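Structural characterization, general
Each chain, written out:
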Amino acid sequence: MLNIQSLIKLPIPIISEEINDYFVKLNSQIISNSHNLANIEIFVNALIYKLFNFNKEEIDLIDIEFTDCLTSLKINYKQYENMSIKEIAQYCSEFDYRKESDYYNS
């Protein structure tokens, strides 16, 4: 049974105002539905996995297709792995979401 004591033990990362702003921007794009949602979903996942410091094995348990999905964002897993959360967020903000996801269209 889930109780408050077990929730207190969950590691909730503290994020900067800047990173929070990227999440807000992504959320706005989802709500407005003005961009390709598949790519936005990949970026949200990428940011969350990086926030929680998940390694490749942990990510694969959650999302087995994540590594393949990164190709639609024009990066590979090694590049992702070497990027900081801020670099990923910056990359998100510069990405052209209007283009359909290559991964989901194949």
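Keep in mind the model is a prediction, meaning the values are calculated, not measured.

Time to look at the pattern of salt bridges. Side-chain pairs of opposite charge can arise whenever the charged atoms involved come near each other. Considering all chains together, one arrives at 3 salt bridges under this definition. Two residues, glutamate 18 and lysine 86, come together in a salt bridge whose shortest N-O distance is 3.5 Å. Linking glutamate 18 in helix H2 (residues 17-32) with lysine 86 in helix H7 (residues 85-94), this pair joins segments that are 68 residues apart in sequence.

Excluding glycine, residues mostly carry a negative phi; peptide bonds, for their part, are mostly trans. Even without being glycine, asparagine 53 reaches a positive phi, approximately 60°. Tracing the backbone shows asparagine 53 in the loop between helix H3 (37-51) and helix H4 (56-62). In this structure asparagine 53 comes out as exposed when scored by relative accessible area, which is 65%. Of note in this structure, lysine 74 is not a glycine but carries a positive phi near 70°.

Another aspect to go through is the confidence of the model for the chain. Summarising the model, the chain shows a mean pLDDT of 81, and 84% of its residues fall at 70 or more. Low pLDDT, under 50, characterises residues 101-106; the predicted model gives this stretch 15 contacts beyond four residues in sequence or across chains.

Applying the stated criterion to the full structure yields 6 aromatic pairs. Centroid distance tyrosine 49 to phenylalanine 54: 6.1 Å. Interplanar angle 40°. Geometry classified as tilted. Overall, the relative accessible area of 27% leaves phenylalanine 54 in the partly exposed class. A ring pair is formed by phenylalanine 66 and tyrosine 80, whose centres lie 5.3 Å apart and whose planes are at 75°; its orientation type is edge-to-face. Taken together, the positions of phenylalanine 66 in helix H5 (residues 66-69) and tyrosine 80 in helix H6 (residues 77-82) put the pair 14 residues apart, joining distant regions of the chain. Each of the two residues, phenylalanine 66 as well as tyrosine 80, counts as buried. A cation over a ring is seen here: lysine 50 above tyrosine 80, with NZ or CZ 4.7 Å from the ring centre.

The next thing to look at is the packing of H2 against H7. The geometry of a pair of packed helices is captured by two quantities: the angle between their axes and the separation between those axes. One way to put it is that H2 packs onto H7 with a least axis distance of 10 Å and a crossing angle of 35°. Classified by chirality, the crossing of H7 by H2 is left-handed. Note on element contacts: H7 touches H2 through Ile85, Lys86, Ala89, Gln90 and Ser93, opposite Glu18, Ile19, Tyr22 and Lys25. Split into classes, the residues belonging to the contact of H2 with H7 amount to 4 nonpolar, 2 polar and 3 charged.

Cut-offs and rules
Residues numbered from 1 in each chain as written. Predicted model: local features only at pLDDT ≥ 70, side-chain atom pairs only at ≥ 80, totals over all residues. Heavy atoms only, no water. Salt bridge = Lys/Arg side-chain N within 4 Å of Asp/Glu carboxyl O. Helix = DSSP H or I, 4+ residues; strand = E, 2+ residues; numbered from the N terminus. Buried < 20%, exposed > 50% of the residue type's maximum accessible area, 1.4 Å probe, protein only. pLDDT = per-residue confidence, 0-100. Contact = heavy atoms within 4.5 Å. Phe/Tyr/Trp six-rings, centres within 6.5 Å; stacked < 30°, edge-to-face > 60°. Lys NZ or Arg CZ within 6 Å of the ring centre and 35° of its normal. Axes fitted to C-alpha atoms, helices over the stretch in contact; angles between N-to-C directions. Left-handed = near helix turned anticlockwise from the far one by under 90°. Nonpolar A, V, L, I, M, F, W, Y, C, P; charged D, E, K, R; others polar.

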